[in-house]
Amino acid sequence: MTAAMATLEQSPSGKTSGLKAQLRRAERLRKIKAVALIAPLAIFLIIIFVIPIGNMLWRSIDNTELQQVMPVTAAMVQEWDGSDLPNEAVFASFAHEIRDSRSGGGLGRIGRRLNYEDPTFRTLLTNTIRHLPAEADSWTLALQEISPRWGETSTWLAIQRAAPATTDRYLLASVDLKRNDAGKIEAVEQNQRIYQSVFKRTLLIAGGVTLICLFLGFPLAYLLATLPTGTSNLLLIFVLLPFWTSLLVRTAAWIVMLQSGGLVNTGLIMSGIIDTPIQLVFNRIGVFFAMVHILLPFMVLPLYSVMKGVSPSYQRAAVSLGAHPFAAFWQVYVPQTISGIAAGTILVFIMAIGYYITPALVGGPSDQMVSYYVAYYTNTTNNWGMAAALGSLLLLATLLLYLIYHKLVNQKQLVRS
Amino acid sequence: MALQPYSSPVEHIWFWTFRIFCALVLIFLMLPVLVIIPLSFSSGSFLTYPLPGFSLQWYQTIFSSGPWMDALKNSMIVAPLATILAMVFGTMAAVGLNRADFPGKGLLLALLISPMVVPLVIVAVGMYFFFASVGLLNSYAGLVLAHAVLGVPFVVITVNATLQGFDYNQMRAGASLGASPLRVFFTVVLPQIIPGVASGGLFAFATSFDEVVVALFIASPTERTLPMQMFSGIRENISPAIAAMATIMILLSVLLLLVMELLRRRSENLRSTQ
C-alpha cells in the first residue's frame with residue numbers, strides 16, 4: 001500500500017492526484033467505519049464500567065456531607081482561624097441548620113461523617129437538637145449551656161475538618177495515617193493500626209501463592225511441553241478441567257477435603273503422621289491450598305505455551321559441549337522461558353491480590369485481604385470513603401502490575417516477530 | 001528431560017523424582033474435583049468418607065427445592081443474555097480494531113480488556129453505587145449488563161486472535177461482486193471467525209455462570225444466581241446438596257471443555273486449509 005502511494009506521488013499528472021485523493025478518502029472512510037464498529041462497546045464500557053469506578057474512586061476524597069446539610073455553617077467555619085471560639089454568626093447558623101437537618105436524613109449523614117472525627121459526635125448532635133431552644137439572644141451561650149463541648153475549640157476544629165469539599169482523611173487512614181488538630185500528618189496510635197498489616201498480609205498471601213504456583217507449575221509445564229503431543233494433551237485435561245470448574249465448586253471441595261473429618265486429615269491419621277485431626281481449614285493453610293489450586297492453571301498455561309516454542313537442541317548442545325545436565329538446564333533452558341515465568345507470575349499475582357471469595361470462605365478473620373475490607377466498609381458500616389480509599393490503593397497496585405505485564409508480553413511478541 | 005541409555009544413576013533418580021513430583025501436582029489439581037462427586041451420592045448427611053450408603057436423595061433435594069431451582073433458573077436467564085450482549089459488542093469491536101490503524105488504538109484496546117484486570121470487588125462497589133443511582137440495583141437488567149461487561153474482554157481477545165490470520169482481500173472480493181458490507185460479514189467473515197466468537201462466548205458464559213462477587217453486591221434474593229446460592233450454602237450449612245450441585249456444575253465444565261476443544265480443532269483446520 002505505501003509503495004503504491006509512493007509511486008503515485010512521484011507521477012506528476014493530474015489524474016493520479018485525483019486517484020490519490022480518492023485513496024485517501026477511502027482510507028479515511030475505513031477508519032471511520034472501524035471507529036463506528038468499536039464505538040458501541042467503548043460507550044457501553046464507559047457508561048457501565050469506567051464512570052462507576054471513577055465515581056467510586058472519587059468517594060475516597062469526597063467530603064461534601066457537611067456542605068450539603070449545613071451549607072452556610074460549612075462556608076463560615078472554613079474562614080474561622082481556629083485560634084479562639086468561632087463568632088456568634090457561626091453558632092447561630094449552626095443552630096438553625098442543625099434544626100433543619102432533622103428532616104430528610106441530613107442529621108444522620110453529618111452525624112456519621114463527624115463521628116469519623118470523634119466517635120462521640122453523633123450523641124452530641126442528637127443531644128443538642130433535643131435541648132435546642134426555639135429562640136436565643138446568644139446562640140454561643142445557648143449551645144454551651146446544652147453541652148460545654150460547644151465551648152471547646154477542638155469540637156469546632158472537627159467541624160472545620162469536615163467542611164471542605166474534599167478530604168485526604170480516608171486515603172491517609174487507609175495507610176494508618178491521620179492529621180492531628182494542627183493539621184500535620186502523623187501515624188495513628190499503635191493499637192489502631194490495621195491497614196498496613198492488611199496490605200502486608202495481602203501482599204504476603206499473594207506473593208506466597210505466586211511462588212508456590214511457580215514451584216509447582218514450572219516442572220509440570222516442563223513435563224507437558226516435553227512429552228509427546230498425545231500424552232501431553234491427555235495430561236493437559238488435568239489442568240484444564242479444574243480451570244473450567246466453578247471457583248465456588250473448588251472452594252467447597254477444599255473445605256470438604258481439609259475439614260477435621262476430611263480426606264487429608266483421615267489420610268494423615270491412617271498413615272500415622274498425626275494422632276488427632278489438625279486444623280487445616282478456616283485458617284491460613286486453607287487459604288493457601290484453595291488459592292494455589294485455583295490459580296495454578298494460570299501459571300501452567302502461559303509457561304506451557306512459551307516452553308512449547310523453546311527448542312531442546314540448545315540444551316542438548318550444551319550437554320554435548322560438556323556442561324553438566326543441571327547446568328545446561330539452569331543456564332540454557334530456564335533463561336529461554338523467562339518471558340513465560342514473568343507472564344505467569346504477574347498474572348497469578350494480579351489475580352491473587354484482588355481475591356475476596358476464597359479467603360472469605362476458607363480463611364479465618366485474620367486471613368482476610370484488602371478486598372474483604374472494601375466489601376465490609378461498603379455493605380456493613382456504610383463507610384464509603386474508607387471503602388473507596390482502600391479500593392483506590394488496590395486498583396493502583398493492580399494497574400501498575402498490569403502495565404508491567406503488558407510491557408513484558410508485548411516485548412515477547414516483538415522478539416518472536 | 002528424557003532418559004537416555006547412557007544416563008547416570010543420579011540422572012535416573014532425578015528423572016523419577018521429577019516424574020513423581022509432576023504426578024503429585026496433577027493429583028493435587030484433580031483430586032478436589034473428583035472427591036466431591038461421590039459425596040453427592042451419600043445417603044448420610046455429612047460430607048465425609050467412608051460413605052454410609054448410596055442414595056440420590058440430595059439430587060432430589062436440589063431438584064425439588066425452591067431456592068436451588070430458582071437460582072438455576074436465574075443463572076439460565078442472566079448468563080445467556082450477558083453472553084449474547086458480550087458477543088455482539090465484542091465481535092464488532094474486534095473487527096473494528098483489525099480494520100484500521102488510528103491514534104489511541106493501544107489505549108482503546110487497554111480499555112476494552114480492562115474489566116478482566118480490575119479486581120472484582122472494585123467493579124462490584126462501583127456498579128453498586130452506579131446502579132443504585134439509576135435504579136438498576138436488584139434487577140435482572142443490571143445483572144445482565146454487569147456480567148456482559150465482565151465477559152466482553154474474552155470475546156475481544158479471542159476474536160482478535162482469530163482475525164490475525166484473516167485475509168481482508170476476501171472482503172474486497174465480496175464487495176466487488178456486489179455484496180453489501182453486512183452480507184460480506186455474515187457470509188464471508190463470520191463463518192471463518194466463528195470458532196473465535198464461540199470460544200469467546202463460552203468464556204463469557206462461564207464467567208457469568210461462575211460470578212459471585214458483583215452479584216452479591218447488586219442482586220437481591222429475587223435475582224439470586226446459582227453461585228450466590230452456592231456461596232450462602234457453603235457459608236451457612238455445607239451439606240451433600242452442595243456436592244450434588246457441584247457435581248452438576250463439574251459436568252457442565254466437562255461439557256464446556258469438550259466444546260472448547262472442538263472449536264480449537266475447527267479453527268486449526270480452518271487455518272491449515274488457508
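Structure: see above.
Definitions and limits used
Residues numbered from 1 in each chain as written. Chains lettered and ligands numbered in written order. Predicted model: local features only at pLDDT ≥ 70, side-chain atom pairs only at ≥ 80, totals over all residues. Heavy atoms only, no water. Salt bridge = Lys/Arg side-chain N within 4 Å of Asp/Glu carboxyl O. Helix = DSSP H or I, 4+ residues; strand = E, 2+ residues; numbered from the N terminus. Buried < 20%, exposed > 50% of the residue type's maximum accessible area, 1.4 Å probe, protein only. Phe/Tyr/Trp six-rings, centres within 6.5 Å; stacked < 30°, edge-to-face > 60°. Contact = heavy atoms within 4.5 Å. Buried area = accessible area lost by both parts, 1.4 Å probe. Polar contact = N/O pair within 3.5 Å; in protein donor to acceptor, adjacent residues only side chain to side chain. Nonpolar A, V, L, I, M, F, W, Y, C, P; charged D, E, K, R; others polar.

A. Geometry of the pattern of salt bridges. Residue and element names in this part refer to chain A. For the structure on display, the rule yields 12 salt bridges over all chains. The shortest N-O distance in the salt bridge between Lys178 and Glu189 comes to 3.0 Å. Highlighted residues: Lys178 in strand 1 (residues 177–179) and Glu189 in the loop between strand 2 (185–187) and helix 11 (195–226), separated in sequence by 11 residues. Classification of Lys178 as partly exposed rests on a relative accessible area of 26%. Given a relative accessible area of 38%, Glu189 falls into the partly exposed group. Ionic contacts of the salt-bridge type, sharing partners, join the residues Arg113, Glu117, Arg161 and Arg169 into one network.

B. Layout of the packing of aromatic side chains. Residue and element names in this part refer to chain A. This model, assessed by the stated rule, comprises 36 aromatic pairs over all chains. Relative to Tyr170, the ring of Tyr116 lies with its centre 6.1 Å away and its plane at 85°, an arrangement referred to as edge-to-face. Of this pair, Tyr116 sits in helix 6 (residues 106–117) while Tyr170 sits in helix 10 (residues 169–173), and the two are 54 residues apart along the sequence. Look at Tyr116 and you get partly exposed, because its relative accessible area is 24%. Relative accessible area serves as the criterion here: at 3%, Tyr170 is assigned to the buried category. The interplanar angle of 70° and the centroid separation of 6.4 Å between the aromatic rings of Phe121 and Trp150 together place this pair among those described as edge-to-face.

C. Examining the interface of chain A and chain B more closely. Every contact between the two is made by 75 residues of chain A and, on the other side, 80 residues of chain B. For the pairing of chain A and chain B, the buried interface totals around 7,400 Å² over both sides, and the portion due to carbon and sulfur atoms is 85%. Between chain A and chain B we count 0 salt bridges in total. Counting across the chain A and chain B interface gives 5 residue pairs in polar contact (both at pLDDT 80 or more). Considering only residue class, the side of chain A that touches chain B consists of 60 nonpolar, 12 polar and 3 charged.

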